[in-house]
Each structure stands twice: as structure tokens, then as C-alpha cells.
Amino acid sequence: AFKPLVFSGVQPTGNLHLGNYLGAIRKFVALQDEHDCIYCVVDLHAITAQLVHDDMRSQIRSIAAAFIASGIDPKKHIVFNQSAVPQHAELAWIFNCVARIGWMERMTQFKDKASGKNAEQVSLGLLAYPSLMAADILVYRATHVPVGDDQKQHLELTRDIAQKFNIDFGDHIRRTGLGLDIVVGEEPVHAYFPMVEPLIGGPAPRVMSLRDGTKKMSKSDASDLSRINLLDDADTISKKIRKAKTDPDALPSEVDGLKGRPEAENLVGIYAALSDRTKADVLSEFGGQQFSVFKPALVDLAVNVLSPITGEMRRLMDDTTHIDAILRDGGERARARAEKTMQEVRDIIGF
Ligand code: ADP
Ligand code: NA
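Residues numbered from 1 in each chain as written. Chains lettered and ligands numbered in written order. Predicted model: local features only at pLDDT ≥ 70, side-chain atom pairs only at ≥ 80, totals over all residues. Heavy atoms only, no water.

Undergrad: Even after reading the chapter, I still don't get the overall build of the protein, so can you show me in this structure?
TA: Scanning the protein for helices and strands turns up 14 helices and seven strands. Taken over the C-alpha trace, the protein has a radius of gyration of 21 Å; the compact-globule value for 351 residues is 20 Å, and the two agree within 12%. If one aligns the C-alpha atoms of the protein with their principal axes, the spans along those axes are about 65 × 50 × 45 Å. Looking at the protein as a whole, 53% of its 351 residues are labelled buried. Here the analysis covers contacts within the protein between residues at least 6 apart in sequence; of these, 76% occur between residues at least 24 apart. Counting only carbon and sulfur atoms, one obtains 51% of the accessible surface of the protein, whose full area is about 16,100 Å². Separation between the mean location of the 42 positive side-chain charges and that of the 47 negative ones in the protein comes to 2 Å. (Helix = DSSP H or I, 4+ residues; strand = E, 2+ residues; numbered from the N terminus. Rg over C-alpha atoms; globule rule 2.2 N^0.38 Å. Buried < 20%, exposed > 50% of the residue type's maximum accessible area, 1.4 Å probe, protein only. Contact = heavy atoms within 4.5 Å. Areas by Shrake-Rupley, 256 points an atom, 1.4 Å probe, with all protein chains shown as cover. Lys, Arg positive; Asp, Glu negative; His and termini not counted. Charge placed at Lys NZ, Arg CZ, Asp CG, Glu CD.)

Undergrad: For this particular structure, what's the right way to read the pattern of salt bridges?
TA: Opposite charge on two side chains permits pairing when their charged atoms draw close. If you walk through the whole model with that rule in mind, you get 25 salt bridges. The closest approach of N and O atoms between Arg277 and Glu285, which form a salt bridge, is 2.9 Å. Taking relative accessible area as the criterion, Arg277 reaches 22% and is therefore assigned partly exposed. Taking relative accessible area as the criterion, Glu285 reaches 43% and is therefore assigned partly exposed. The network of salt bridges with common partners includes Asp224, Arg227, Asp232 and Lys240. (Salt bridge = Lys/Arg side-chain N within 4 Å of Asp/Glu carboxyl O.)

Undergrad: How should I be thinking about the nonpolar core in this particular structure?
TA: Ranked by internal contacts, the top residues of the largest apolar core, which has 62 residues, are Phe67 and Phe294. The element contributing the most residues to this core is helix 13 (residues 291-318), with twelve residues. Each of domain 1 (5-203 + 319-349) and domain 2 (224-316) gives at least three residues to this core. Beyond its immediate stretch of four places on either side in the chain, Phe294 contacts Leu251, Leu267, Val268, Tyr271, Val282 and Phe286. Counting residues in each nonpolar core, the second largest holds 56 residues, with Val85, Ala99, Phe110 and Ile161 among its members. (Core = buried A, V, L, I, M, F, W, Y, C linked by side-chain atoms within 4.5 Å. Domains from an automatic or database assignment.)

Undergrad: Explain the pairing of strand 5 (residues 180-184) here, please?
TA: Strand residues, when the strand is regular, have side chains that alternate between the two faces of the sheet. In the sheet, strand 5 pairs with strand 6 (residues 187-191) via five bridges, with the strands oriented antiparallel. By the bridge assignment for strand 6, Val184 is matched with Glu187. Hairpin connection of strand 5 to strand 6: two residues between the antiparallel strands, including Gly185 at a positive phi of 65°. (Pairing = 2+ DSSP bridges.)

Undergrad: Before we go on, may I ask you to explain helix 1 (residues 18-30) in this structure?
TA: In an α-helix, one turn spans 3.6 residues; hence positions three or four apart end up facing the same way. Of all bends in helix 1, the biggest is about 35°, found at Ala24. Extensive coverage of helix 1 is indicated by the burial of ten of its 13 residues. Here helix 1 has its buried residues at Leu18, Gly19, Asn20, Tyr21, Leu22, Gly23, Ala24, Ile25, Lys27 and Phe28. (Bend = angle between axes of the 7 residues up to and from the residue.)

Undergrad: Even after reading the chapter, I still don't get the site of ligand 1, so can you show me in this structure?
TA: Every one of the 17 residues lining ligand 1 counts as a neighbour, but Gly148, Asp150, Val207, Lys216 and Lys219 are closest to it. At 2.9 Å, a side-chain N or O of His17 approaches an oxygen atom of ligand 1. Within the backbone of Gly19, one N or O atom sits 3.1 Å away from a nitrogen atom of ligand 1. Out of a free accessible area of 530 Å², ligand 1 has 95% covered by protein chains. (Near = heavy atom within 4 Å. Polar contact = N/O pair within 3.5 Å; in protein donor to acceptor, adjacent residues only side chain to side chain.)

Undergrad: Just to check I follow, could you spell out the coordination of the sodium ion (ligand 2) for this structure?
TA: Coordination angles at a metal have ideal targets, namely 109.5 degrees for four tetrahedral donors and 90 or 180 degrees for six octahedral donors. Coordination of the sodium ion (ligand 2) by the protein comes from Asp150 (OD) and Gln151 (NE2), over a distance range of 3.0 to 3.1 Å. Residue class for Gln151 comes out buried when judged on its relative accessible area of 12%. (Donors = N, O, S within 2.8 Å, 3.2 Å for Na, K, Ca; no water.)

Undergrad: Mind showing me how you'd approach the environment of Ser226 here?
TA: If you trace the backbone, Ser226 turns up in the loop between strand 7 (197-199) and helix 10 (234-243). By relative accessible area, Ser226 is classed as buried at 1%. Taking the C-alpha atoms as reference points, Ser226 and Arg333, 107 residues apart in sequence, are found 38 Å from one another. With sequence-adjacent residues up to four places away left out, Ser226 is seen in contact with Ser209, Leu210, Arg211, Met217 and Asp221.

Undergrad: Is there a simple way to think about unusual backbone geometry in this case?
TA: Across the chain, the bulk of peptide bonds are trans and the bulk of non-glycine residues have phi less than zero. The backbone of Asn15 shows a phi angle near 50°, a positive value even though the residue is not glycine. Residue placement: Asn15 occurs in the loop between strand 1 (5-10) and helix 1. Take Asn15: its relative accessible area is 35%, and that puts it in the partly exposed class. For Arg141, which is not a glycine, the phi torsion comes out positive at approximately 50°. Here Arg141 is to be found in the loop between helix 7 (124-138) and strand 4 (144-146).

Undergrad: Teacher, can you tell me more about helix 12 (residues 279-286) here?
TA: For helix 12, the complete set of buried residues consists of Lys279, Val282, Leu283 and Phe286. The arc enclosing the buried residues of helix 12, seen along the axis, measures out at 95°, which places them on a common side. Those residues of helix 12 that are buried lie in contact with helix 11 (262-274) and helix 13. Just downstream of helix 12 lies Gly288, where phi reads positive at about 90°. (Arc of directions from axis to C-beta.)

Right, here's the structure in full:
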């Protein structure tokens, strides 16, 4: 069977926020004891939406610093940036030929990012993004991917690509003896690439904007008030939570009472995630209370959880030699593993 190997990535595109922390980085930390983990700063993805970044290197360092400040051990596991391992791009090319254009055009993230733009304004890379993401994961033959709920559709596509590769090259895989017997649905399959399992759950799988409970908290939102950045100081966190959009009603005492109240649900979900409790548990404490009581409690909690991470991130970002050495070492170890897969893939294809 495939060894349980975890892969995930975060783009170096600025404003790392609470959604990235709760939806992704915090899960990365939790998985370390039981898994072999590869955590990547996906700089090749960062140029899909915007080509030129004047601060790319410092953005890469800041994501690596966030991983480590949050508790990821770069010695036991691997922390590196994607472009240091050219095998990601090599496998992505092969997957571009495995995948179908229609699969890419159906992705809601592509549709969102491309909406209102014409074909001259959207890079080919933005369309092919999920193919590179599949390569990121499968170049290590990783089986588990902790991400926010926004990435679920891309992970399904990763499974589709793996499955099509396994079927299209089925005879070659058998001939090279490189495949493994796995079960897909009920069907036994002789596969080279595993079927990845998303690790999504938790009380806040999708953290929403503080200004609009129907939009996800995002690095690219024009309003800085919409998100809590991991580098925000306590006063800024306090200001943003106090200004967060809410409704005039008190908090309900049951989770059902959050229906149709996206902003209230979001803040309760954030409180639950930050305190490792369920929403029901949080509401049993705060049900019947006004936001004037709940928001200050949320500020205290958020500052308590985030300020040690912020402090450590800043310290790490000041020592660029140290961060660069971690990335270089991680890149070397990742490259060796990715090259092993690519030698087999080249062999399967017949190159
Ligand atoms: P962004 O979407 O802000 O540009 P990335 O695409 O780099 O961030 O995503 C990094 C990780 O953070 C992914 O695993 C993604 O699922 C997760 N993530 C991003 N935004 C949110 C959110 N609002 N809630 C939960 N998880 C999120
Ligand atoms: Na995202």
C-alpha cells in the first residue's frame, strides 16, 4: 500500500490570514506526529493570476516563517518552495496532456478569477492551475491533503487526473512492474498514482470575510478589514473584530439558530476553531449574549492564539539566512524524492 504521506501548499501572495491558518496551516501542524509531511510554498502558482511580483522572495520567506512559527518542524518534515523542484513543472506538463480542457474550464475558482475578463487577459497558467496542483501532490505520490474547503474541487480533479493516467497507461504500468494494487470505489485497480484523500473538516473549514459573510476570507480582498492577517498586531485584530459586520440579534443557543446569519455563524466558527471547541459548545456559553459581549471575548482569544505566532514569524523573517537555509535543505530533500517518481513516470511513458 501507499505510505501515508501528506502534501499541501500555500501561495506566496501576501497577507497570510486567519483563513489560511485555520483552514490549512493549523492542520499541517496537527498532522506531523502521525504522518510524513511535505509543506510547500507554491511560488509557481503565484504567477498564474499576477505574473510580476516585486517582493516574491520575501513573500516566500514569510510563508515558510508562518509554517515554522505555527509549529511545523522543518527537520522532521520538508518545508520548501515549489520552483526549487523542477519535477513539479515536468509532471504538470504530462498532466496537461492527460487532463481535458473542459475539466479545467469547469473549476469554480477559475470561473471566479476569470470572471469579467476576456481570454486575452487570463493566463493559460490560471486555467492549468489544477493540473500543477495535481502534480505537486502526485510527484510525491502523497495520499493525504489538508486544505480548506475552497480546494475540494481541485482535489477531486487531482483524483480524476490520477485515475486517467492510471487507466491510459495501464498496460505500460503493468509492463514496468511499478504499479500497486489499490481499490477505487469498489474496483480493484493496478495503479501508479494513488487516489488522494482530502483532509478538510473542523469547525471552520471555510473562514468567511469579516465584511461579508457570503465571501471567503481571502488574501486578494481589496479591504484589509475583511481579514485578520497573521502579521496583524493586537490593536489591529481588536479593531477588525469590533468592526466586523454582524446583525442586531443576540447569539442563539443552538447551532440551528445560526441559519441565515452568515456573519454570526462565521464569528462563532472562528471562536470554535481557535478554542478547539464545537460551535454548539461555544453557543452553550454565549447563547443569548449580544455581540457587544461576544466580540471582546473573540478579540482576547484571537490575540492569545495569534500573537505568539506573529512574534515568532517576525523574528524568523528578520533572519533571512536561517530561513533560506531551511528552504534550501527542504528543496534538496524534496527534489530527491520527486526525481525518483519522475524516473518511474518517464519509464512508464516510454521516454
Ligand atoms: P488564498 O485563497 O487566500 O489566496 P491560498 O490559495 O494560498 O490562499 O490557500 C492556502 C490554503 O489556505 C489552502 O489550503 C486554502 O484551502 C486555505 N484557505 C484559503 N482561504 C481560506 C478560507 N477563507 N478559509 C479556510 N481555508 C482557506
Ligand atoms: Na485558495
